[in-house]
Amino acid sequence: MNKVIASADEAVADMPDGCTLMSGGFGLCGNPENLIEAIHRKNVKRLTIISNNCGTTDLGLGILLQNKQVKRMVSSYVGENKEFERQFLSGELEVELNPQGTLAERIRAGGCGIGGFFTPTGAGTQVSEGKETRMIDGRLHVLETPLKADFAIVRAWKADRWGNLVFRKTARNFSPMMCMAAKVTIVEAEHIVEPGELEGDLIHIPNIFVQRIIQAKNLKKWIERRTVRKQA
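Residue numbers here run from 1 along each chain, matching the order of that chain's written sequence. Since the coordinates come from a predicted model, pLDDT governs what is reported: local features require at least 70, and pairs of side-chain atoms require 80 or more to be given and counted, while whole-chain, interface and lining totals use all residues. With hydrogens and water excluded, all non-hydrogen atoms of the structure serve as input to the side-chain values.

Per an unreviewed UniProt entry, the recorded name for the protein chain is 3-oxoacid CoA-transferase subunit A, and the organism is Stigmatella erecta.

Shown next, in the form of structure tokens:
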């Protein structure tokens, strides 16, 4: 029942080329930094990544993009990454853009076994091209399908050794629903405690959705680094 793995490299050792990967985080908040770096070292290729964004040019998921490890991105925001822009405009990178709420609901649908849902968001725009539409209560809706993944990588504030997770504030973002929508969920936790020691905390994800846990180490202070860089 102990799901703690010795290292990030060991946790992603069976991640194959061409797999679909969900990655938690909003901008650079709540990024599973250690796991992203392990995937970079492993040099997994042709990844389809489902994430709110692809980090910045040289931070977060951006390091995988720079290393030409990403084939396709399913995202809702693509700013602040010059390499993303370059690869997209040159045709090197496939991109599927989603309204942010739609992206979140598609992931949740994948985790809950929902076959699809109708939403007015994006109806009548390029987002709805090629998709089924329906008038509901006098308003045009578009059918959106669920998203699932082979692997999900997320960062939690606390985890017990059995895999129960607690996320902290906005670092929670897409991560709980991604845990539910992936075949294998790998968590890097800032604090790992013994079973029963989370009783005082609200458990956001039960252990049934978690397969592997690593200790988060040397987490970077992105905001401080970017502030210093801009001041320089």
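Let's pick the thread back up.
Caption draft 1: Examining the sheet that holds strand β6 (residues 133-136) more closely. Two strands qualify as a pair provided DSSP detects at least 2 bridges between them. Under the scheme used here, helices are H or I runs from DSSP no shorter than 4 residues and strands are E runs no shorter than 2 residues, and both carry numbers assigned from the N terminus. With antiparallel pairing, 3 strands are arranged side by side in an open sheet as β5-β7-β6. The open sheet has two edge strands, β5 (117-119) and β6, and neither has a second partner. Looking at each pair of strands side by side, their axes are set apart by 40° on average, direction ignored. For β5 and strand β7 (residues 139-144), the ladder comprises 3 bridges, and the chain directions are antiparallel. Its bridge partner lying in β7, Phe117 is registered against Glu144. Lying over the sheet, helix α5 (residues 100-112) contacts β5 and β7, oriented at roughly 170° with respect to β5. For every element, the axis is a line fit to its C-alpha atoms; helices are fit only across the contacting stretch, and the angle between N-to-C directions ranges from 0 to 180 degrees. By the convention used here, residues are in contact when the closest approach between their heavy atoms is within 4.5 Å.

Caption draft 2: Region of interest: the environment of Gln87. Residue placement: Gln87 occurs in helix α4 (residues 82-90). For the pair Gln87 and Lys71, spaced 16 residues apart in sequence, the C-alpha separation works out to 10.0 Å. Contact partners of Gln87, with chain neighbours within four places excluded, come to Leu65, Lys68, Glu92 and Leu93.

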